[in-house]
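So you can see what is in the structure, the chains are spelled out below.
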Amino acid sequence: MICYKDEKMHGFGDLTIEEIQTQIDAYEIERFGEKLPEDFGRNIERKPMIYDIELGKLVEIK
């Protein structure tokens, strides 16, 4: 099963890997207006953060 953030689930059935990838590509184009690059979201610099209840916001962990 493939589950996207919109919580729709799409089953595989008897599809081949290529058919599944084609459906994923079509869904990305429908959802985002374009096909997402292979490295989408992987090159983001992430900093560890924690929620400070006194400040009421996320702060960087030092």
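Residues numbered from 1 in each chain as written. Predicted model: local features only at pLDDT ≥ 70, side-chain atom pairs only at ≥ 80, totals over all residues. Heavy atoms only, no water.

This brings us to the side chain of Glu 28. Within the element layout of this structure, Glu 28 appears in helix H1 (residues 17–32). Residue classification places Glu 28 among the buried residues on the basis of a relative accessible area of 12%. Non-local contacts of Glu 28, meaning those with residues more than four positions away in its chain, are made with Gly 33, Glu 34, Lys 35 and Leu 36. (Helix = DSSP H or I, 4+ residues; strand = E, 2+ residues; numbered from the N terminus. Buried < 20%, exposed > 50% of the residue type's maximum accessible area, 1.4 Å probe, protein only. Contact = heavy atoms within 4.5 Å.)

Another point: a nonpolar patch on the surface. Among the surface-exposed residues, Met 49, Tyr 51, Ile 53 and Leu 58 lie close enough to one another that they form a single nonpolar patch of about 480 Å² accessible area. Its place among the elements puts Ile 53 in the loop between strand E3 (49–52) and strand E4 (57–60). On the basis of relative accessibility, which here comes to 73%, the residue Ile 53 falls in the exposed class. (Patch = residues over 30% accessible without salt bridge, like charges linked within 9 Å, V, L, I, M, F, W, Y side chains within 5 Å. Areas by Shrake-Rupley, 256 points an atom, 1.4 Å probe, with all protein chains shown as cover. Salt bridge = Lys/Arg side-chain N within 4 Å of Asp/Glu carboxyl O.)

So, to be careful, I would describe these as geometric facts and stop short of saying anything about function.
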